[in-house]
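Residue strings, one per chain:
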Amino acid sequence: MKLAKTYAFIKKDLSVIEDALEKTVHADQPVLHEASIQLLKAGGKRLRPVFVVLASKFGEYNLDHIKNVASSLELIHMASLVHDDVIDDSNMRRGKPTVKANWDNQVAMLTGDYIFAKALQQFTDINKPRAHQILAKTMMELTVGEIEQIKDKYNLQQNLRTYLRRIKRKTALLISSSCQLGAIVANTDKHTEKVLFRYGYYMGMSYQIIDDILDFTASEKELGKPAGSDLIQGNITLPVLYALENDYIKKDLEKAFENKHEVTPERMRPIIEQIANSDAISQARTVSDLYLRKAYDSLELLPANQAKDALARIANYIGNRKL
Amino acid sequence: MTYTETIKYYTNLIHQTIQQSFLSKHLNSPELDIHKIVAIDNLVKDKPNQDELVRTTMLVQIALNTHDQINVHFNEENVMEQQLTVLAGDYYSGIYYHLLANIENISFIRLLADGINEMTQAKMTFYYSKYRDFNHFMSDYKEIECVLIDKVAQYVNKSDDNHYLNKWIILKRLEFELVSLQKGNNNFFHRLAKENIATIQDNQQLAKALKEYIKKVSHELDTLTVNNEQVIIPKEIDLYQLRSENTWNLVLEEGLSQ
């Protein structure tokens, strides 16, 4: 099943949000406009808007307000991606050229800053200080997560706790905040808001772990980049942490990381294959499944409605996704 | 507070605010546009949350200045520093939003976001334009330099008498650029001027153009003063030590404290 089918009943509302996104990123400056539209048209799952909309269904549903929150969150996500591509020196994302590849780093930096400003302009239409405090904290954590990722590169001494804290900041918080902000803008009760936040958090953690698994198990064609790219860049993800329990893999990796400048795709290929064929993948999947279980359990605390069913289907989809 | 004390006070406050152990370990402290601290402080004096207004506006300025340091393509030799520079700018922007959200000042969040929006659009045009001389270059540059100050003026309902202050800001910026050039620095402004202005190819030509423009703006400020416009901050205040350091101290100590 395609992801979009899991929430078909909000399709119309999502298309209103998509229109809002396109209107919001409109820039008078032609390069900025083109770069922003390119980013928007590059697609993506629009997971954050979906979570905002579905969470709002548990309260007073007002599409005008929801649209602002949903598009702001997606824009913040997009702004972080365009800067990430500069950081990672990536020329392709989702099989399409990045802004930095089509123009240069400077254009990518300005585009990211511009989209960030647009997101905040849009979000200030929401006159709820607590919503701003939540979003601001999430954005700070998102950046700290990225800084921590650079700090922990090539560090084979890190542990599970370090990894989980990093992915919480990097991925899970923006998804959990999407659910929470959807609840806040729809004036749900505190209990519902808290449950939705937790669901989003568990989903975000599971989502990132699966992403990290797919980095080893999916093909270069599916990924749009070489398998094991994270490891080639020095990022120690959950499959690697488990693989390090194998002495042979650990020794090979230690040796490969002795000189960071020699960490090339060719040099790393055999290690990546070893990890992909090791128990580390199933061990990582077990952790992802534990988070998914927690996400399902959270949903049990919510009243029955179409949105609840959709959130469960999304959890199921994410748990089984191939890419 | 004297101007020196004001600058010191906010410089310390901002540096404490942006302290992040890993960034501090690998990146130099961002250079602050101290003339803007003086200008913003002047605009928001005695307003509620004065410190937050100065601090957050400067954080936005620092964030955008930091991102200006990213090269068109990464230099292979210091990749990590460049990666952290991207994140440092994002981090400073995040703090601006965080601080204002905590004091529930949504209208100022909005104004500064408007400022970022306008500045990024203006910068994009500016960076990719070719200018036939320094005057044309400056006519676009002024917009970038004054965007955030205009937003603060708008917030405190002083947009109408912001004319003097904007010229003062340009004067101080150019004094800074001249001093910096004379010290042998080759910063972003200098590179941009040499690459994008047809009549300027080297430091000597740039220094000459800067001096001429400083003279012109200085004269314009004198005219505004003669025409009885309110002198908000004396134009002679030498923040960037265009004169010798001793003279600068003397000036500040003897006559220009607020």
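Numbering of residues starts from 1 in each chain and follows the order in which that chain's sequence is written. Following the order in which they are written, the chains are lettered starting with A and the ligands numbered starting with 1. Only residues with pLDDT of 70 or above have their local features reported here, since the model is predicted, and side-chain atom pairs are shown and tallied only from 80 upward, although totals for entire chains, interfaces and linings are computed over all residues. Hydrogens and water molecules were not included; the side-chain quantities draw on all heavy atoms of the structure.

- Chain B has the name Heptaprenyl diphosphate synthase component 1 in an unreviewed UniProt entry, where Gracilibacillus caseinilyticus is given as its organism.

- Going by what an unreviewed UniProt entry lists, chain A is known as Heptaprenyl diphosphate synthase component II and is assigned to Gracilibacillus caseinilyticus.
- UniProt positions are given in the numbering used here, feature names are shortened, and annotations may be inferred rather than shown by experiment. Per UniProt, chain A has the following entry under Cofactor (unreviewed entry): "Mg(2+)".
- Listed under Sequence similarities (unreviewed entry) in UniProt, the entry text for chain A is "Belongs to the FPP/GGPP synthase family."

### Looking at the overall build of chain A
Stage number 1. On a plain count of helices and strands, chain A comes out with 16 helices and two strands.
Stage number 2. In summary, chain A has a C-alpha radius of gyration of 20 Å against a globular reference of 20 Å for 323 residues, a match within 12%.
Stage number 3. Along the first, second and third principal axes, the C-alpha atoms of chain A reach 55 × 50 × 35 Å.
Stage number 4. The buried label applies to any residue whose accessible area, calculated with a 1.4 Å probe on protein chains only, is under 20% of its type's maximum; exposed applies above 50%, and partly exposed to all values in between. The proportion of buried residues among the 323 residues of chain A is 60%.
Stage number 5. In this description, contact between two residues means that some pair of their heavy atoms is separated by no more than 4.5 Å. Residue pairs at least 24 apart in sequence account for 74% of intrachain contacts in chain A once pairs closer than 6 positions are excluded.
Stage number 6. Residue exposure ignores everything except the shown protein chains as possible cover, and the areas themselves are Shrake-Rupley values with a 1.4 Å probe. Carbon and sulfur atoms provide 48% of the accessible area of chain A, an area that totals close to 13500 Å².
Stage number 7. The convention is simple: Lys and Arg are positive, Asp and Glu are negative, and His and the chain ends are not counted. Where a charge lies is defined by one atom per residue type: Lys uses NZ, Arg uses CZ, Asp uses CG and Glu uses CD. Distance between charge centres in chain A, computed from 45 positive and 41 negative side chains, equals 4 Å. Secondary structure elements follow DSSP: runs of H or I no shorter than four residues count as helices, runs of E no shorter than two count as strands, and numbering proceeds from the N terminus. Between the two quantities, the radius of gyration covers C-alpha atoms and the globule rule is 2.2 Å times the number of residues to the power 0.38.

### Considering the side chain of Arg169(A)
Stage number 1. Of note, Arg169(A) is situated in helix α8 (residues 160-185).
Stage number 2. If we ignore the near neighbours within four places in the chain, the residues touching Arg169(A) are Glu141(A), Leu142(A), Val144(A), Gly145(A) and Glu148(A).

### Re the interface of chain B and chain A
Stage number 1. With 41 residues of chain B in contact, the opposing surface of chain A contributes 43 residues.
Stage number 2. Two parts placed together each lose some accessible area under a 1.4 Å probe, and the buried area is that loss summed for both. By the criterion of area lost to chain A, the three top residues of chain B are Tyr97(B), Ile106(B) and Met124(B), representing 18% of everything that side buries.
Stage number 3. A side-chain nitrogen of Lys or Arg and a carboxyl oxygen of Asp or Glu constitute a salt bridge if their distance falls within 4 Å. Where chain B packs against chain A, one counts one salt bridge.
Stage number 4. Counting of polar contacts relies on pairs of N or O atoms within 3.5 Å, with two restrictions inside protein: one atom must be capable of donating a hydrogen and the other of accepting it, and residues adjacent in sequence are counted only when both atoms are side-chain atoms. Between chain B and chain A we count 14 residue pairs in polar contact (both at pLDDT 80 or more) in total.
Stage number 5. Elements supplying a minimum of two residues to the side of chain B that touches chain A: α2 (21-26), α4 (50-68), α5 (79-102) and α6 (106-127) of chain B.
Stage number 6. The biggest single contributor to the side of chain B that touches chain A is α5(B), with 15 residues.
Stage number 7. Its residues assigned to classes, the side of chain B that touches chain A shows 23 nonpolar, 13 polar and five charged. Side-chain classes follow a simple rule in which Ala, Val, Leu, Ile, Met, Phe, Trp, Tyr, Cys and Pro form the nonpolar group, Asp, Glu, Lys and Arg form the charged group, and the remainder, Gly included, forms the polar group.

### A few points about the packing of aromatic side chains
Stage number 1. What counts as a ring pair is set by centres within 6.5 Å for rings of Phe, Tyr and Trp (its six-membered ring), and what kind of pair is set by the plane angle: stacked under 30 degrees, edge-to-face over 60, tilted for all other angles. Taken as a whole and judged by the stated rule, the model has 19 aromatic pairs over all chains.
Stage number 2. Centroid distance Phe137(B) to Phe189(B): 5.7 Å. Interplanar angle 75 degrees. Geometry classified as edge-to-face. Residue Phe137(B) is located in helix α7 (residues 134-155), and its partner Phe189(B) is located in helix α9 (residues 188-196); the two are separated by 52 residues in the primary sequence.
Stage number 3. Phe189(B) sits in the buried class, given a relative accessible area of 5%.
Stage number 4. Grouping aromatic residues by their ring pairs yields a cluster made of Phe126(B), Tyr127(B), Tyr131(B), Phe134(B), Phe137(B), Tyr141(B), Phe188(B), Phe189(B) and Tyr213(B).
Stage number 5. Throughout this description, the term charge over a ring refers to an Arg CZ or Lys NZ atom that lies within 6 Å of the ring centre and within 35 degrees of the ring normal. Directly above the ring of Tyr61(A) sits Lys57(A), whose terminal nitrogen or CZ lies 3.8 Å from the centroid.
Stage number 6. For the cation-ring pair, Arg321(A) lies above Tyr207(A), with the distance from its terminal atom to the ring centre recorded as 4.0 Å.

### Here's the deal with the nonpolar core
Stage number 1. Within this scheme, the nonpolar core is defined by two criteria: the residues are buried Ala, Val, Leu, Ile, Met, Phe, Trp, Tyr or Cys, and they are joined through side-chain atoms within 4.5 Å. Judged by nonpolar contacts, the single largest core of 204 residues is most densely connected at Tyr199(A), Leu231(A), Met268(A), Ile314(A), Tyr96(B), Phe134(B) and Trp168(B).
Stage number 2. Broken down by element, this core gets its largest block of residues, twelve residues, from α5(B).
Stage number 3. When neighbours within four sequence positions are excluded, Leu231(A) is seen to be in contact with Asp215(A), Phe216(A), Ile236(A), Val240(A), Leu253(A), Phe257(A), Met268(A), Ile271(A), Ile272(A) and Ile275(A).

### Some thoughts on the packing of α7(B) against helix α10 (residues 203-226) of chain B
Residue and element names in this part refer to chain B.
Stage number 1. Only C-alpha atoms enter the line fits that serve as axes; for helices the fit covers just the stretch in contact. Angles between N-to-C directions range over 0 to 180 degrees. As a packed pair, α7 and α10 sit with axes 11 Å apart at the nearest point and diverge in direction by 65 degrees. Crossing angle aside, the handedness with which α7 passes α10 is right-handed. Contacts between α7 and α10 involve Phe-134, Asn-135, Met-138 and Lys-142 on the former and, on the latter, Leu-206, Ala-209, Leu-210, Tyr-213 and Lys-216.
Stage number 2. When the residues that make up the contact of α7 with α10 are grouped by side-chain class, the tally is six nonpolar, one polar and two charged. For a crossing to be left-handed, the near helix must be turned anticlockwise from the far one by less than a right angle; the clockwise case is right-handed.

### Observations concerning helix α1 (residues 11-24) of chain A
The periodicity of an α-helix, 3.6 residues per turn, causes residues three or four places apart in sequence to face the same way.
Residues and elements named next belong to chain A.
Stage number 1. The end-to-end C-alpha distance of α1, which contains 14 residues, comes to 20 Å, matching closely the 20 Å that a straight helix rising 1.5 Å per residue would cover.
Stage number 2. Considered for burial, the residues of α1 that qualify are Asp-13, Leu-14, Ile-17, Ala-20, Leu-21 and Thr-24. Seen along its axis, α1 keeps its buried residues to an arc of 110 degrees; they face one direction. Within α1, the exposed residues directed more than 90 degrees away from the buried face are Lys-11, Lys-12 and Lys-23.
Stage number 3. At its buried positions, α1 is contacted by α2 (30-41), α3 (47-56), α4 (63-87) and α6 (105-123). In this scheme, a helix's expected span is set at 1.5 Å multiplied by one less than its residue total. Think of it as the arc spanned by the lines of direction from the helix axis to the C-beta atoms.

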